[in-house]
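Next come the chains, spelled out residue by residue.
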Amino acid sequence: MTENWDRIGIPAQPESPRQDGISATAVSRSFGQVHAVEHMDFHAPAGKVTALIGPNGAGKTTLLLMLASLLAPDSGTVTVDGLDPQNHRAEVRKRIGWMPDTLGVWESLTAREILTQIARFYRLPKAGIPQRVTEMLDRVRLSDLADQPARVLSRGQQQRLSLARALIHDPSVLLLDEPASGLDPGSRVELRVMLRQLAAEGKSIVVSSHVLSELDEIADAAVFVNRGRTVRHQTTDAAAASGRRYAISATDGAALAAKLTDLGLTFRVEDGRRPAVSLVLLNDDAARLLRDLVLAGVGVSSFAPASGALEETYMNLEGERR
Amino acid sequence: MSQLTEQTQRPPASGFGAGYLAGIRDVVVLELKQRLRSRGWYIMLAIWFILTGLVTWLTWASWNAQREAQRAYSNFLPPDTGPGSMIFEVVLAFVLLFALLVAPALSANAVNGDRAGGTLAILQVTLLRPGQILWGKFFAAWAAALAFLVASTPFLVIGVALGGMTPGHVIVALLMLAVEVGVVCAIGVGISALAGRPLFSIVVTYLAVAGLVFGSLIAFGLGTGLSQGTVMANQAQYRNYEPLRPVPDETAPQEPEYTCSGPLRAQPAVRTERVAWMLAMNPYVVVADAIPYTVRVNSGLGMSSPVGAIESISQGARYAMAGPEGTYPCANGEAKPQYLAQSTPLWPLGLGLQLLLAGLLMWLGWRSLRTPAHRLARGTRIA
């Protein structure tokens, strides 16, 4: 992972004159009485992974559908590399790869046939299609199953096929709706590596997910949405800098509590399986606190972040909502 | 009418050359690959083949039995035309019935089935245009339905081979069956793009087909009751009715059996021509009316009645179309031609109206497939 993190610093090499990712400005969309998205702003720059985070029904999928140019906003504009989907349909479509939260595979077709068909629908040059398909199958590790009907693929394999489908035409914007759901831990790590690589290639990547600890590792920034509105835009670094919750447990809980009170820190007693306390710390503070506790003779048995950096923000937002 | 409606089937975002057609072809390939790999289609095809064969054989057997009975118990023998016309008509009616039953099943879940499976949005997000998706689905459904017609061709050919008919009949019949199946497929695909759930759209398509087959008859029947009118006519003077004297052979159209005289008066009549268009929309009428038959010379009994169901349907419909102006004795003081001589074809009107309906549904379906979508049907999720 570290090598991927390092690569973020390298500015993306623009392939076309304008590659400024995908953005939505003040988009609204309602379905009948339900205002799914209200005045939402969103921007996913090229070369970055942007997370879209929010509770169920917050308008994430509606926003992604508008970004994917499938749904027209009632008001506001969506631009992909500076182009408007309404007026530059084909150009925008060529630039967008979309992986929906529903799997949507043609079950009787093989993985290879599905990718070939999609490549044709994107009007890729015919001669290059077989090679491109093989390449993509390799990339998502489906070469062994390439000629099996899609119905025999497991959920995770179908998910990877879906990703290959979204990438077949080499889009500059990748929209992924819950890409990690149904993936085993190994595949999640792979997905993470792959998304970092794609971002390093200069694509702008939008990931919506509930698995917030995952996003800590993948995303450069996160957009928090709730009730159809953009609640906050935060980079992962900023989220980390604003502190995260640490859970501490000790052999002697009373001694730990006493020492923390001594240090003047406010903490919360967690009623989990093991007795523990938790408190919000910045990274520098955490190191200092651990040293203080150990030096004070408190038998610290565990000292770890209780949540991801983004999760912390998310939970705070949840709290504000109530 | 027919010239006008033939154009309503054109795609609203009409073709931009080879690229547009290539996209349609790719969708057709995608659809047909899936259909050819589903076992249900083959089972249906096999059942179809066996059933049509059975009907053909039973018709032939019953014709034989009837003839045997006539030979055994009476000395009256009808002119030996062979069973061709009868087998042909029964098989044709049966094939059309089954085609009308099968086509909705093959077409009416084309779009919303994909929507339910999450594969429609995947097509929509590519460079495919909504028209390409819709036409691709339509042609695939049509091709799948045409396979059933191909499977029944041998039996129509048998009908011809057994006598009485020409290959031209088979070709025209198959052509019209193919067109009718296409109309039903277009209706099905159009409705499937409009309706949220496959079950609903299949039921609605069946109802639409039932509307064309039975509803058109009912509507025509009820409509005639409301179409009372008058026609200007004078008195018809019939010649002495001499049933047993053979009429000398004459060529058709036969000279009328009456003369007209006296002042024109308004006579009550049913203006069937006002509602005949409803009858014309019936698929059976369209197929029967399009199949050519010769205007026959009278039989020795002086009666000219149509031979076989096809002629009966066709003449009945044309009679309704002509209305009292063309059929009432001495309307406008003119003797009217015989029953069998209604020569204005009705099927272009009926087919035109059917194409209009199918074209309208396809157009509405096309509208619902456009992306970025502005309006969504209640309760539908685009992906």
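Just so it is clear, the model here is predicted, and its values are computed rather than measured. (Residues numbered from 1 in each chain as written. Chains lettered and ligands numbered in written order. Predicted model: local features only at pLDDT ≥ 70, side-chain atom pairs only at ≥ 80, totals over all residues.)

1. Observations regarding the overall build of chain A
Part 1 of the reasoning: Looking only at helices and strands, chain A has 12 helices and 13 strands in total.
Part 2 of the reasoning: Taking the principal axes of its C-alpha atoms as reference, chain A extends roughly 70 × 45 × 40 Å.
Part 3 of the reasoning: In chain A, which comprises 322 residues, the share counted as buried stands at 43%.
Part 4 of the reasoning: In chain A, of all internal contacts separated by at least 6 residues, the share reaching a separation of at least 24 is 71%. (Helix = DSSP H or I, 4+ residues; strand = E, 2+ residues; numbered from the N terminus. Buried ≥ 20, exposed ≤ 12 C-beta atoms within 10 Å, placed from the backbone. Contact = placed C-beta atoms within 7 Å.)

2. A short note on the environment of I24 of chain B
All names here are of chain B.
Part 1 of the reasoning: Residue position: I24 is located in helix α2 (residues 18-36).
Part 2 of the reasoning: A residue is classified by how many C-beta atoms lie within 10 Å of it, and I24, with 24 of them, is buried.
Part 3 of the reasoning: In this structure, the C-alpha to C-alpha distance between I24 and M278, residues 254 residues apart in sequence, is 34 Å.

3. A word on the confidence of the model for chain A
Part 1 of the reasoning: Averaged over chain A, the pLDDT score is 83; the fraction of residues at 70 or greater is 90%.
Part 2 of the reasoning: In this model residues 1-17 of chain A is a low-confidence stretch, pLDDT under 50, and it forms 14 contacts with partners more than four residues away in sequence or in other chains. (pLDDT = per-residue confidence, 0-100.)

4. Some details on helix α6 (residues 155-167) of chain A
Residues and elements named next belong to chain A.
Part 1 of the reasoning: For α6, which comprises 13 residues, the first-to-last C-alpha distance of 18 Å matches the rise-based estimate of 18 Å (1.5 Å per residue) to within 8%.
Part 2 of the reasoning: Those residues of α6 not exposed but buried are Q157, Q158, Q159, R160, L161, S162, L163, A164, R165, A166 and L167.
Part 3 of the reasoning: On its buried side, α6 packs onto β5 (96-99), α4 (111-121), α5 (129-139), β6 (173-177) and α7 (185-200). (Expected span 1.5 Å × (residues − 1).)

5. Side note on the domain arrangement of chain A
Accessible area lost upon the coming together of the parts serves often as the stated size of an interface.
Residues and elements named next belong to chain A.
Part 1 of the reasoning: For chain A, the domain assignment lists domain 1 (2-238) and domain 2 (242-321).
Part 2 of the reasoning: Measuring from the centre of the C-alpha atoms in domain 1 to the corresponding centre in domain 2 gives 36 Å.
Part 3 of the reasoning: Each partner contributes residues to the interface: domain 1 has 14 residues there, and domain 2 has nine residues.
Part 4 of the reasoning: Those elements that provide at least two residues to the side of domain 1 that touches domain 2 are β3 (49-53), α8 (212-218), β8 (221-226), β9 (229-235) and α9 (236-241). (Domains from an automatic or database assignment.)

6. A look at the nonpolar core
Part 1 of the reasoning: Core analysis: the biggest nonpolar cluster contains 167 residues, and L175 and V207 of chain A together with A99, A145 and C185 of chain B have the highest contact counts within it.
Part 2 of the reasoning: Tallying contributions element by element places helix α7 (residues 130-161) of chain B first for this core, with 17 residues.
Part 3 of the reasoning: For L175 of chain A, the residues in contact, after removing those within four places along its chain, are L64, L67, A68, I96, G97, W98, M99 and V206 of chain A.
Part 4 of the reasoning: With nine residues, the next largest nonpolar core counts L256, A276, L289 and L293 of chain A among its residues. (Core = buried A, V, L, I, M, F, W, Y, C linked by C-beta atoms within 7 Å.)

7. Concerning the sheet that holds strand β11 (residues 268-271) of chain A
Residues and elements named next belong to chain A.
Part 1 of the reasoning: Taken together, the four strands give an open sheet; going across it, the order is β11-β12-β10-β13, and neighbouring strands pair in antiparallel fashion. Unpaired on one side and paired on the other, β11 and β13 (300-305) mark the two borders of the sheet. Between one strand axis and the next, the sheet turns by 30° as a mean value, whatever way the strands run.
Part 2 of the reasoning: In this sheet, strand β12 (residues 275-281) lies alongside strand β10 (residues 244-250) in antiparallel orientation, the contact comprising five bridges. Along β12, the bridge assignment pairs A247 with S278. (Pairing = 2+ DSSP bridges. Axes fitted to C-alpha atoms, helices over the stretch in contact; angles between N-to-C directions.)

8. What to know about the interface of chain B and chain A
Part 1 of the reasoning: Counting from both sides, the interface comprises 25 residues of chain B and, opposite them, 28 residues of chain A.
Part 2 of the reasoning: Of all the secondary-structure elements, those providing two or more residues to the side of chain B that touches chain A are α2 and α6 (120-124) of chain B.
Part 3 of the reasoning: Across the side of chain B that touches chain A, the residue classes break down as 12 nonpolar, nine polar and four charged. (Nonpolar A, V, L, I, M, F, W, Y, C, P; charged D, E, K, R; others polar.)

9. Some thoughts on the domain arrangement of chain B
Residues and elements named next belong to chain B.
Part 1 of the reasoning: The domain boundaries assigned to chain B delineate domain 1 (2-210 + 351-369) and domain 2 (224-239 + 254-296 + 303-341).
Part 2 of the reasoning: Contributions of two or more residues to the side of domain 1 that touches domain 2 are made by α4 (84-107), α8 (167-194) and α13 (347-369).
Part 3 of the reasoning: Along the lines of polarity and charge, the residues of the side of domain 1 that touches domain 2 split into 10 nonpolar, three polar and two charged.

10. Quick notes on α7 of chain B
All names here are of chain B.
Part 1 of the reasoning: For α7, spanning 32 residues, the distance from its first C-alpha to its last is 46 Å, which sits close to the expected 46 Å at 1.5 Å a residue.
Part 2 of the reasoning: The sharpest bend along α7 comes to roughly 40°, located at S152, with the proline P154 sitting one to four residues further on.
Part 3 of the reasoning: Burial of α7 is extensive: 24 of the 32 residues sit out of reach of the surface. (Bend = angle between axes of the 7 residues up to and from the residue.)

11. So, the packing of α4 of chain A against α5 of chain A
Residue and element names in this part refer to chain A.
Part 1 of the reasoning: Relative orientation of the contacting elements α4 and α5 amounts to 125°, with a least axis distance of 9 Å. Taken together, the axes of α4 and α5 lie oblique to each other. The handedness of the crossing between α4 and α5 is right-handed. Each of A111, R112, L115, T116, A119 and R120 in α4 lies in contact with α5, whose residues at this interface are I129, R132, V133, M136 and L137.
Part 2 of the reasoning: Broken down by class, the residue content of the contact of α4 with α5 amounts to seven nonpolar, one polar and three charged. (Parallel < 35°, antiparallel > 145°, perpendicular 65-115°, else oblique. Left-handed = near helix turned anticlockwise from the far one by under 90°.)

12. Quick word on unusual backbone geometry
Part 1 of the reasoning: Of note, the amide linkage connecting T371 of chain B to P372 of chain B takes the cis form, showing an omega dihedral of -10°.
Part 2 of the reasoning: Looking at where P372 of chain B falls in the secondary structure, it is placed in the segment after α13.
Part 3 of the reasoning: Of note, the phi angle at H39 of chain A is positive, near 50°, even though the residue is not glycine.
Part 4 of the reasoning: By secondary structure assignment, the location of H39 of chain A is in strand β2 (residues 34-44).
Part 5 of the reasoning: For H39 of chain A, a count of 14 C-beta atoms within 10 Å gives the class partly exposed.
Part 6 of the reasoning: For D81 of chain A, which is not glycine, the phi dihedral falls at a positive 50°.
Part 7 of the reasoning: Relative to the helices and strands, D81 of chain A resides in the loop between β4 (75-80) and α3 (89-95).
Part 8 of the reasoning: For D81 of chain A, a count of 23 C-beta atoms within 10 Å gives the class buried.

13. A look at the sheet that holds β3 of chain A
Residue and element names in this part refer to chain A.
Part 1 of the reasoning: Across the sheet, six strands lie side by side as β5-β6-β7-β3-β8-β9; this open sheet has mixed pairing. What marks the edges here is a single partner per strand, and that holds for β5 and β9. Averaged over all pairs of adjacent strands, the angle between strand axes in this sheet comes to 15°, irrespective of strand direction.
Part 2 of the reasoning: Along the sheet, α6 makes contact with β5 and β6, crossing β5 at roughly 165°.
Part 3 of the reasoning: Lying on the sheet, α7 is in contact with β3, β6 and β7 (204-208); it crosses β7 at an angle near 150°.

14. So, the pairing of strand β1 (residues 22-31) of chain A
Residue and element names in this part refer to chain A.
Part 1 of the reasoning: Examined bridge by bridge, β1 and β2 share seven bridges and lie antiparallel to one another. Residue pairing across strands places F31 opposite V34, the latter belonging to β2.
Part 2 of the reasoning: A loop of two residues connects β1 with β2, the two strands running antiparallel in sequence, and G32 in this loop sits at a positive phi of about 60°.
Part 3 of the reasoning: Of the strand pairs in this sheet, β1 and β4 are connected by five bridges, and their pairing is antiparallel. In the strand pairing of β4, T25 is matched with T77.

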